[in-house]
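Below, each chain spelled out in residue letters.
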Amino acid sequence: MNGPQDLGGQMGFGPVAPEQDEPIFHADWEKRALGVTLATGAFGAWNIDESRHARESLHPATYYAATYYEIWIRALEVLLKRHGFLSEADLAAGKAVDGAVAPKRVLKAADVPAVLASGGPCDRPLAAPARFRAGERVRTKNFNPTGHTRLPRYARGKFGTVEALHDGFVFSDSNAHGEGENPERLYTVVFDGSEVWGEGADPTLTVSIDAWESYLEPA
Amino acid sequence: MAKAWSDAAYADWLRRDATAAIASLGFTGRQGEHMQAVFNTPDTHNLVVCTLCSCYPWSVLGLPPVWYKAPPYRSRAVIDPRGVLEEFGLTLPAGTKVRVWDSTAELRYLVVPLRPEGSEGLNEEALADLVTRDSMIGTGLAGVPAKVSA
C-alpha cells in the first residue's frame, strides 16, 4: 500500500540525527514494547508480514508522530484485537476484563534465547526454474495495491538490471493477508540513480532492491 | 570484518555465503537468517537502508539505532546518500560510486569496510578495534589505527 512507511525519496523530514553512544533503549517501556512484541509474535497467530502491514496501516499522522516502538505497540493493539486476544474494553480498563482467545503457543522465558538464536528462515525450495538471469534487463511492475507490498513506490515501473538470483522466499504480498506463503524467487535488481530519480540525480548513485519474481517483467 | 581483512579464504566465504561464514563465528538468529556481505572497494562505497520499515541484521549488529528506523534516514538514504553521509561526518570523494542497498525482502546486508591504510602490521584483534557498527551499515568507515593518526 502507498502508506506512510514507504519513505524512499520523501522530503521534509530534516537531517539524520545520529546520537553519540546512544542507549539501546531510551525508556523502560521500550524494553517492554520489544518484549511484548516478540512474546505475542510467538503466539503464532500472525506472521512478520501481517505485523509489518499493521504498522504501515496506521494513520500517516500517527505513524509520523510516533517513535518506532510506539508504532510497534499501536500496530500490536490492532493485531491483538484482530486475533481475539484483546478487546476495546480490555484496553480501556488497562487490564483483562473480557475473555480472550488462548494462544496456540506461549513463549516461556527460558526458551527466549533459543528462539531468538534459531530465528525464522523464510527461504523456501522452488521447483520452477528462474524466469530471469543475472545481467538481464528488467522492468519493475507499476501498480498501486491497497494491500501489503515490498516494492517501494520509487522503484515501480523502472528499468533495472538483475544482479543476483536468490532462493525462493515467502511472498510478503500474500503472506501478509493470510493468503499463503506462495514462495517466489527473489532477485537483487539494481537501478541507476538517474532512472529512479531523473533530472538532478547523483550520477555516481546506484540503488538496489530485492524483488520477488512477480514484481519483474522482461525489459 | 577483521577476519575478512586478514584471511582471504574467509573473505571469499563471506562473499559467497555470508550466513554460513558469519554463523561460523557464532552469530546466528532472528533477523540474521539470510545474510549478504557487500564489500567496499576503492571506487565503490556501499550503504544499507530499509526504506519500508527497519530491516537490520539483529544477530550481527544488535538492535538498530533510532536514526536507522526514523524517517530522515529512510527517506534520504536512497535519493541523497552523500548528503546523509555528510551528516555522519563522512565526505566521500566526488568520483566514488555510491551503491545503496534497500533491504526490501528478508536478505540482511552487512557492509565490509575497506581495511584502513596503515593497518598492515595489525593482528586480527587489533583490526577488530577499528571496525565500528556504522562502518558495517555504510554510514562510516573503519577507523584509522591510533598510532598512525597520532
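All values derive from a computational prediction rather than experimental measurement.

The rules behind the values
Sequence order sets the numbering: in each chain, residues are counted from 1 along the sequence as written. Both sets of labels track the order of writing: A upward for chains, 1 upward for ligands. pLDDT decides what is reported in this predicted model: residues at 70 or higher carry local features, side-chain atom pairs at 80 or more are listed and counted, and totals for whole chains, interfaces and linings draw on all residues regardless. The basis for every side-chain value is the complete set of heavy atoms in the structure, and neither hydrogens nor water enter the calculation. Going along the chain from the N terminus, every DSSP run of H or I of four or more residues is numbered as a helix, and every run of E of two or more is numbered as a strand. Residue burial is assigned from relative accessible area. The probe radius is 1.4 Å, only protein chains are included, and a residue is buried under 20% of its type maximum, exposed over 50%, and partly exposed in between. The criterion used for residue contact is that any of the two residues' heavy atoms lie within 4.5 Å. Computed with the Shrake-Rupley method and a 1.4 Å probe, the accessible areas treat only the protein chains shown as cover for residues. For the charge count, each Lys or Arg is scored as positive and each Asp or Glu as negative, with His and the chain ends excluded. For this analysis, a salt bridge means a side-chain nitrogen from Lys or Arg found within 4 Å of a carboxyl oxygen belonging to Asp or Glu. Think of a polar contact as two N or O atoms within 3.5 Å of one another; within protein, one of them needs to be a possible hydrogen donor and the other a possible acceptor, and neighboring residues in sequence only count if both atoms come from side chains. A pair of strands is treated as paired once DSSP finds two or more bridges between them. Accessible-area loss on putting two parts together, using a 1.4 Å probe and summing over both, is the definition of buried area adopted here. Buried residues of nine kinds, namely Ala, Val, Leu, Ile, Met, Phe, Trp, Tyr and Cys, make up a nonpolar core once their side-chain atoms join them within 4.5 Å. A residue's pLDDT is simply how confident the predictor is in it, with values from 0 to 100. In this scheme, a helix's expected span is set at 1.5 Å multiplied by one less than its residue total. Fitted lines through C-alpha atoms serve as axes, helices being fitted only where they are in contact, and the angles separating the N-to-C directions of these axes extend from 0 to 180 degrees. Should the near helix be turned anticlockwise from the far one by less than a right angle, the crossing is termed left-handed; should it be turned clockwise, right-handed. Each residue is assigned to one of three groups, with Ala, Val, Leu, Ile, Met, Phe, Trp, Tyr, Cys and Pro labelled nonpolar, Asp, Glu, Lys and Arg labelled charged, and all others, Gly among them, labelled polar.

### Points about the overall build of chain A
Item 1. Secondary structure summary: chain A contains eight helices and six strands in total.
Item 2. Put simply, chain A runs from its N terminus to its C terminus through helices and strands in the order α-α-α-α-α-α-β-β-β-α-β-α-β-β.
Item 3. When its C-alpha atoms are laid out on the principal axes, chain A stretches across 55 × 45 × 35 Å.
Item 4. Relative to its full complement of 219 residues, chain A shows a buried share of 42%.
Item 5. Considering only contacts in chain A between residues 6 or more positions apart, those separated by 24 or more positions represent 64%.
Item 6. When the accessible surface of chain A is summed, it comes to about 11000 Å², and 54% of that surface belongs to carbon and sulfur atoms.

### Let's talk about the side chain of Arg 150 of chain A
Item 1. Summarising the element assignment, Arg 150 of chain A is placed in the loop between β2 (137-140) and β3 (159-169).
Item 2. In this structure, Arg 150 of chain A is buried with no salt-bridge partner, the nearest side chain bearing the opposite charge being Glu 56 of chain A at 5.5 Å.
Item 3. A polar side-chain atom of Arg 150 of chain A sits 3.5 Å from the main-chain carbonyl oxygen of Ser 103 of chain B.
Item 4. When near neighbours in sequence (up to four residues on either side) are disregarded, Arg 150 of chain A contacts Arg 52, Ser 172, Asp 173, Trp 212 and Tyr 215 of chain A together with Cys 50, Leu 52, Cys 53, Cys 55, Ser 103 and Thr 104 of chain B.

### Side note on the pairing of strand β2 (residues 44-49) of chain B
In the case of a regular strand, side chains alternate between the two sheet surfaces.
All names here are of chain B.
Item 1. The buried fraction of β2 amounts to five of the six residues, a majority that puts the element mostly inside the structure.
Item 2. Bridging between β2 and strand β3 (residues 97-102) involves six bridges; their strand directions are parallel. By the bridge assignment, Leu 47 is partnered in β3 with Val 100.

### Examining the interface of chain A and chain B
Item 1. Listed per partner, the contact involves 56 residues of chain A and 48 residues of chain B.
Item 2. Interface of chain A and chain B: buried area, both sides summed, is about 4200 Å²; carbon and sulfur atoms make up 58% of it.
Item 3. Sorting the residues of chain A by area buried against chain B places Val 16, Tyr 68 and Arg 150 of chain A first, and these three jointly supply 16% of that buried surface.
Item 4. Joining chain A to chain B, the criterion identifies four salt bridges.
Item 5. Counting the contacts that link chain A with chain B gives 29 residue pairs in polar contact (both at pLDDT 80 or more).

### Considering the nonpolar core
Item 1. Among the nonpolar cores identified, the biggest contains 84 residues, and Leu 14 and Tyr 73 of chain B are the most heavily contacted of them.
Item 2. A total of five residues in this core trace back to one element, the largest contributor, which is strand β5 (residues 205-212) of chain A.
Item 3. Among all residues touching Leu 14 of chain B, those that are not within four sequence positions of it are Ala 4, Ala 21, Ile 22, Ala 37, Phe 39 and Val 112 of chain B.
Item 4. Grouped together as the second largest cluster of nonpolar side chains are eight residues, Phe 43, Ala 54, Leu 79 and Leu 80 of chain A included.

### Describing the pattern of salt bridges
Item 1. Applying the stated criterion across every chain, the model contains 17 salt bridges over all chains.
Item 2. Residue Arg 133 of chain B is joined to Asp 134 of chain B by a salt bridge in which the shortest nitrogen-to-oxygen separation is 2.9 Å.
Item 3. If you follow the salt bridges from partner to partner, you end up with Asp 49 and Arg 52 of chain A together with Glu 106 and Arg 108 of chain B in one network.

### With respect to the pairing of β2 of chain A
All names here are of chain A.
Item 1. In β2, alternate side chains face the same way, and those of Val 138 and Thr 140 are buried while those of Arg 137 and Arg 139 on the opposite face are not.
Item 2. Here β2 runs beside strand β6 (residues 216-218); their pairing, made up of three bridges, is antiparallel. If you follow Val 138 over to β6, its bridge partner there is Pro 218.

### Considering unusual backbone geometry
Item 1. Positive phi, normally seen in glycine, also occurs at Asp 21 of chain A, with a value near 50 degrees.
Item 2. In this structure, Asp 21 of chain A sits in the segment before α1 (28-41).
Item 3. A relative accessible area of 73% places Asp 21 of chain A in the exposed class.
Item 4. If you check the backbone angles, Gln 31 of chain B has positive phi at about 60 degrees while not being a glycine.
Item 5. Within the fold, Gln 31 of chain B resides in the loop between α3 (18-23) and β1 (35-39).
Item 6. A residue is classified by how much of its surface remains accessible, and Gln 31 of chain B, at 10% relative accessible area, is buried.

### Looking at the confidence of the model for chain B
Item 1. Of the residues in chain B, 97% have a pLDDT of 70 or more, and the chain-wide mean is 94.
Item 2. Interface confidence in the predicted complex, given as ipTM, is 0.96; pTM for the same model is 0.96.

### A word on the environment of Gly 198 of chain A
All names here are of chain A.
Item 1. Along the chain, the position of Gly 198 falls in the loop between α8 (193-197) and β5.
Item 2. Take Gly 198: its relative accessible area is 31%, and that puts it in the partly exposed class.
Item 3. For Gly 198 and Asp 111, which are 87 residues apart along the polypeptide, the C-alpha to C-alpha distance reads 50 Å.

### Quick word on the environment of Pro 152 of chain A
Item 1. Take Pro 152 of chain A: it is sitting in the loop between β2 and β3.
Item 2. In sequence terms Pro 152 of chain A and Ala 114 of chain A are 38 residues apart; their C-alpha atoms lie 34 Å from each other.
Item 3. Not counting chain neighbours up to four residues away, the residues in contact with Pro 152 of chain A comprise Asp 6 and Ile 209 of chain A together with Thr 51, Leu 52, Asp 102 and Thr 104 of chain B.

### Re α1 of chain A
Three or four residues apart is the spacing at which side chains of an α-helix point the same way, because the helix has 3.6 residues per turn.
Item 1. Spanning 14 residues, α1 of chain A covers 20 Å between terminal C-alpha atoms, matching the ideal 20 Å at 1.5 Å per step.
Item 2. For α1 of chain A, the complete set of buried residues consists of Glu 30, Ala 33, Leu 34, Thr 37, Leu 38 and Thr 40 of chain A.
Item 3. Of the surrounding secondary structure, the elements contacted by the buried residues of α1 of chain A are α2 (48-56), α4 (68-82) and α6 (112-118) of chain A together with α4 (58-61) of chain B.

### A closer look at the packing of α2 of chain A against α4 of chain A
The description of two helices packed together rests on the angle between their axes and the distance between the axes.
All names here are of chain A.
Item 1. Where α2 contacts α4, the two axes come as close as 8 Å, and the packing angle between them is 115 degrees. The interaxial crossing formed by α2 with α4 has right-handed handedness. Together, Glu 50, Ser 51, Ala 54 and Arg 55 of α2 and Ile 71, Trp 72, Ala 75, Leu 79 and Arg 82 of α4 make up the contact between the two elements.
Item 2. In terms of residue class, the contact of α2 with α4 is built from five nonpolar, one polar and three charged.

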